Amino acid sequence: MYKIIDLFAGIGGIRRGFELGFDGGIACVFTSEIDKYAVKTYKYNYGEETIYGDITQIQEKNIPDHDILLAGFPCQAFSQAGLKKGFLDSRGTLFFDIERIFKYKKPQILFLENVKRLCTHDNGNTMQVILGCIRNAGYQNVQYKILKARDFGIPQNRERVYIVAFRDNNIMFHFPSPLNIETKVGDILESYVDCKYTISDKLWEGHQKRKINNKQNGKGFGYGLFNHDSAYTNTISARYYKDGSEILIEQKGKNPRKLTPLECSRLQAFDNFIFPPDISDAQLYKQFGNSVCVKVIEHIAREIKRALPD
């Protein structure tokens, strides 16, 4: 049984992927998440575990021993949609809280996830700083790769960078290859959807005007419109609750609609996930937008498990 810690846990997407990839052979001994709504959803699905808050306020000596450190650390500081400040942003410096933990606790394996922009931020220097910190802490066996959710049977064009590091230099790990499964947005759509998800005339008009203006100015983004037969959607983000612009679903004779929270969960491969009854749609949209595609994590975790000695 491998012991894991779940940092910047959100609603537990990385943990969920590892549980699937390791066929249940892991035990979570520590979880940290600062958002109270995400904590509520996490507990609803994992039971009333103790969830610790701000990781910057937790001393590394108080974290239990573990074999695998999981961390999908905040990505806004590096994202294309954000200000791209990186380590100049306080959220970007949270990587160094992960570093102080793995330097002190020395787990066998590190698993980190972030936006693909991390690879090119500051002309690649940010990634080199991160890799340098990992290597200097005794993890010379480190790899990273950008993977797409749509390459693993999920109809979403979600590109994320994954970093996997081992203390054991003899472990031969390879990232999973694309599954070459044909995807279709219709596979995640509900058959009946409440009319409240149909966007208003005013919002639809605003989306169309913005798209025209952005196209004329050669920049920006208006909206993404998809239907049952589309191969995949744009990447869902934490801002989806605002106007749904990145993923709108066509409707015959009506304005387009937003995805439902259930469809968002399917788009992130959260199968059999339980929604707390007192969490709003807006919070659920944020939670799924901030999370990970579980299916990609699962396949990486399977490759990690396969690489480990029996």
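Residues numbered from 1 in each chain as written. Predicted model: local features only at pLDDT ≥ 70, side-chain atom pairs only at ≥ 80, totals over all residues. Heavy atoms only, no water.

Chemist: What is the right way to look at the confidence of the model for the protein in this model?
Modeler: Segments scoring low in pLDDT should not have their predicted coordinates read at a detailed level. Of the residues in the protein, 94% reach a pLDDT of 70 or more, and the chain-wide mean stands at 91. Below pLDDT 50 for its whole length, residues 78-84 participates in 21 contacts with residues either more than four positions away or in separate chains. (pLDDT = per-residue confidence, 0-100. Contact = heavy atoms within 4.5 Å.)

Chemist: Where do I start with the sheet that holds strand β2 (residues 26-31) in this structure?
Modeler: Across a sheet, strands are paired by hydrogen bonds formed along the backbone, either parallel or antiparallel in direction. With respect to topology, 6 strands assemble into an open sheet ordered β2-β1-β3-β4-β6-β5, the strand pairing being mixed. Sheet topology places β2 and β5 (141-148) at the edges, where each strand pairs with a single neighbour. Put simply, the sheet's adjacent strands are angled 20 degrees from each other on average, direction ignored. This element, helix α9 (residues 294-307), spans β4 (109-115), β5 and β6 (159-166) of the sheet and lies at about 20 degrees to β6. (Pairing = 2+ DSSP bridges. Helix = DSSP H or I, 4+ residues; strand = E, 2+ residues; numbered from the N terminus. Axes fitted to C-alpha atoms, helices over the stretch in contact; angles between N-to-C directions.)

Chemist: Got a minute to help me understand the environment of F95 in this structure?
Modeler: Structurally, F95 is set in helix α3 (residues 95-105). A residue is classified by how much of its surface remains accessible, and F95, at 0% relative accessible area, is buried. Spatially, the C-alpha atoms of F95 and D23 are 29 Å apart, while their sequence positions differ by 72 residues. (Buried < 20%, exposed > 50% of the residue type's maximum accessible area, 1.4 Å probe, protein only.)

Chemist: Explanation requested: the pattern of salt bridges in the structure shown.
Modeler: Two side chains bearing opposite charge may form a pair once their charged atoms approach each other closely. Taken as a whole and assessed by the stated rule, the structure comprises 17 salt bridges. In this structure, a network of salt bridges that share partners links the residues D23, K295, E298, R302 and K305. (Salt bridge = Lys/Arg side-chain N within 4 Å of Asp/Glu carboxyl O.)

Chemist: Would you take a moment to explain the pairing of β4 for this structure?
Modeler: One face of the sheet, then the other: side chains in a regular strand alternate in exactly this way. Most of β4 is tucked away, with 7 of its 7 residues classed as buried. When strand β3 (residues 68-71) meets β4, the two strands line up parallel, connected through 4 bridges. Its bridge partner being in β4, A71 is matched across the sheet by L112. Of the strand pairs in this sheet, β4 and β6 are connected by 7 bridges, and their pairing is antiparallel. Opposite N114, over in β6, you have V161 as the bridge partner.

Chemist: What is the right way to read the side chain of R100 from this model?
Modeler: By the secondary structure assignment, R100 is in helix α3. Under the relative-accessibility criterion, R100 is labelled buried at 19%. Within the local environment of R100, its side chain forms a polar contact with the backbone oxygen of I58, the two atoms lying 2.9 Å apart. Polar contacts involving the side chain of R100 include one to the side chain of E60, which spans 2.6 Å. Ignoring any residue separated from it by four or fewer positions in sequence, one finds R100 in contact with I55, T56, I58, Q59 and E60. (Polar contact = N/O pair within 3.5 Å; in protein donor to acceptor, adjacent residues only side chain to side chain.)

Chemist: Would you mind going over helix α8 (residues 281-290) with me for this structure?
Modeler: Each α-helix winds once per 3.6 residues, and so residues spaced three or four apart point in a common direction. Among all positions of α8, only Q283, L284, Y285, Q287, F288 and G289 are buried. Where α8 is buried, its residues contact α2 (36-46), α6 (240-243), β9 (257-258) and α7 (261-267).

Chemist: I tried to follow unusual backbone geometry on my own but got confused; where do I start?
Modeler: Apart from glycine, the bulk of residues carry a negative phi angle, and the bulk of peptide bonds sit in the trans form. Even without glycine at this site, F8 takes up a positive phi of about 50 degrees. Tracing the backbone through its elements, the reader meets F8 in the loop between β1 (2-7) and α1 (13-21). With a phi angle near 55 degrees, N272 is a residue other than glycine that sits in the positive phi range. Topologically, N272 is positioned in the loop between α7 and α8.

Chemist: Would you mind going over the nonpolar core with me for this structure?
Modeler: For soluble globular proteins, nonpolar side chains are generally found buried alongside one another. Counting residues in hydrophobic clusters, the biggest one holds 51 residues, and the most contacted among them are F18, F111, L259, I300 and I304. Of all the secondary structure elements, the ones that give two or more residues to this core are α1, β3, β4, β6, α7, α8 and α9. Take this core: its biggest share by element is 7 residues, from α9. Here F111 is in contact with I14, F18, L69, L70, A71, Y162, I163, V164, I297, I300 and I304, once residues within four sequence places are set aside. (Core = buried A, V, L, I, M, F, W, Y, C linked by side-chain atoms within 4.5 Å.)

Chemist: Help me understand the sheet that holds β9, please; the structure alone is not making it clear to me.
Modeler: Read across the sheet, 3 strands follow the order β7-β8-β9 without closing on themselves; strand pairing throughout is mixed. Looking at the sheet topology across the chains shown, the edges are occupied by β7 (225-226) and β9. By the bridge criterion, 2 bridges tie strand β8 (residues 248-249) to β9 in an arrangement that is antiparallel. Residue L248 lies in a different strand from β9, and its bridge partner there is K258.

Chemist: What is the right way to look at the packing of α1 against α9 in this model?
Modeler: Contact geometry of α1 with α9 gives a least axis separation of 7 Å together with a crossing angle of 45 degrees. Looking at the two axes, α1 sits oblique to α9. Crossing angle aside, the handedness with which α1 passes α9 is right-handed. In contact with G13, I14, R16, G17, F18, L20 and G21 of α1, α9 contributes V294, I297, E298, A301, R302, I304 and K305. The residue makeup of the contact of α1 with α9, split by class, is 7 nonpolar, 3 polar and 4 charged. (Parallel < 35°, antiparallel > 145°, perpendicular 65-115°, else oblique. Left-handed = near helix turned anticlockwise from the far one by under 90°. Nonpolar A, V, L, I, M, F, W, Y, C, P; charged D, E, K, R; others polar.)

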